[in-house]
Amino acid sequence: MLGEGILKGLAETAKNFAGSYFSKERLTTVQYPEERIPQIENSRVFPFLVYDGEDWQAGLRCVACQICEKECPPKCIYIEKSEDKKPDYVGKPQHYPSRFDIDVSVCMSCQICVEVCPFEAIKMDTEFELATTDRFGGLLHDRKQLAKSNEYYHRIHPTEAAEVDARLAEEKAKVEAKAKAAAEAAAAKAAAAAAKPAAAKPAGGGE
Ligand code: SF4
Ligand code: SF4
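Notes on the structure in this doc start here. (Residues numbered from 1 in each chain as written. Chains lettered and ligands numbered in written order. Predicted model: local features only at pLDDT ≥ 70, side-chain atom pairs only at ≥ 80, totals over all residues. Heavy atoms only, no water.)

**Points about the sheet that holds strand β7 (residues 140-141)**
The strands making up a sheet associate through hydrogen bonds between their backbones, and the pairing can be parallel or antiparallel. Strand order in the open sheet made by the three strands is β2-β5-β7, with antiparallel pairing throughout. Among the strands making up the open sheet, the edge pair consists of β2 (77-81) and β7. The pairing of strand β5 (residues 97-103) with β7 spans two bridges and is classified as antiparallel. Looking at the pairing, D103 lines up with L140 of β7. (Pairing = 2+ DSSP bridges. Helix = DSSP H or I, 4+ residues; strand = E, 2+ residues; numbered from the N terminus.)

Here you go:
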């Protein structure tokens, strides 16, 4: 029947409107800001930078590869790569961002930066109370404002953060196993080289 969908929708709205006077479940709004609806795990607002450990500067996962900066459709990420290096999560020396800004007045929350990051360094935040009277500087978030701990990531996106931790732990174990195998091979080679001259010496010592 023509308009059947519209009628069904109106009936549902009327049911919720009348029901909301008797049942809290039918209320679709709350008295914000005194009351807040808990955010669902997949909600996303703007990106943040994940760090491990206590020190945000030492623990930033970002290696300033600038892939996210290149791929961001509205070009609202600004990165400057450090001159020096610091160890990453597997101990490999890597550059870090001496500057990492995101202009959240331009960001469209598309999550492409998150998808392209090979280092699990940038994730989507659920924080939305970012209003400011400073249209320019107030909405240009620097690396200190963007840095949030892995514990925070676990609090807002527990399932995703656990998957990321498992993936990083697996990669770390692989790197450590490879380094151990290389060290064992080097030690075996050195031992074989040390044994050779002794084996080559004639019996009886004879000059
Ligand atoms: S969410 Fe999208 S628009 Fe925002 S910084 Fe990331 S890539 Fe750019
Ligand atoms: S957030 Fe990821 S993709 Fe962006 S610069 Fe850092 S490591 Fe590279």
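**Let's talk about the packing of aromatic side chains**
Under the counting rule described, the total for this entry stands at four aromatic pairs. Relative to Y21, the ring of F17 lies with its centre 5.7 Å away and its plane at 90°, an arrangement referred to as edge-to-face. Grouping residues by exposure puts F17 and Y21 together as exposed. Each ring, one from Y32 and one from F128, has its centre 6.4 Å from the other, and the planes form 40°; the classification is tilted. One end of the pair, Y32, is in the loop between α1 (4-19) and β1 (47-51); the other, F128, is in the loop between β6 (122-124) and β7, and 96 residues separate them in sequence. For F128, a relative accessible area of 44% gives the class partly exposed. What links up through ring pairs into an aromatic cluster is the set F48, Y152 and Y153. (Phe/Tyr/Trp six-rings, centres within 6.5 Å; stacked < 30°, edge-to-face > 60°. Buried < 20%, exposed > 50% of the residue type's maximum accessible area, 1.4 Å probe, protein only.)

**Comments concerning the pattern of salt bridges**
Per the stated rule, a full pass over the model turns up 11 salt bridges. Notably, a salt bridge pairs K24 with E35, separated by 3.8 Å at the nearest N-O pair. Of this pair, K24 sits in the loop between α1 and β1 while E35 sits in the loop between α1 and β1, placing them 11 residues apart in sequence. The exposure class of K24 is exposed, given its relative accessible area of 58%. Note on E35: relative accessible area 32%, which makes it partly exposed. Between E80 and R99 there is a salt bridge whose closest N-O contact spans 3.5 Å. Of the two residues, E80 is situated in strand β2 and R99 in strand β5; the sequence distance between them amounts to 19 residues. Judged by relative accessible area, E80 falls into the partly exposed class, the value being 41%. Among the residues examined, R99 registers a relative accessible area of 31% and is labelled partly exposed. A cluster of three or more residues bridged by salt bridges with shared partners is formed by D52, R61 and D165. (Salt bridge = Lys/Arg side-chain N within 4 Å of Asp/Glu carboxyl O.)

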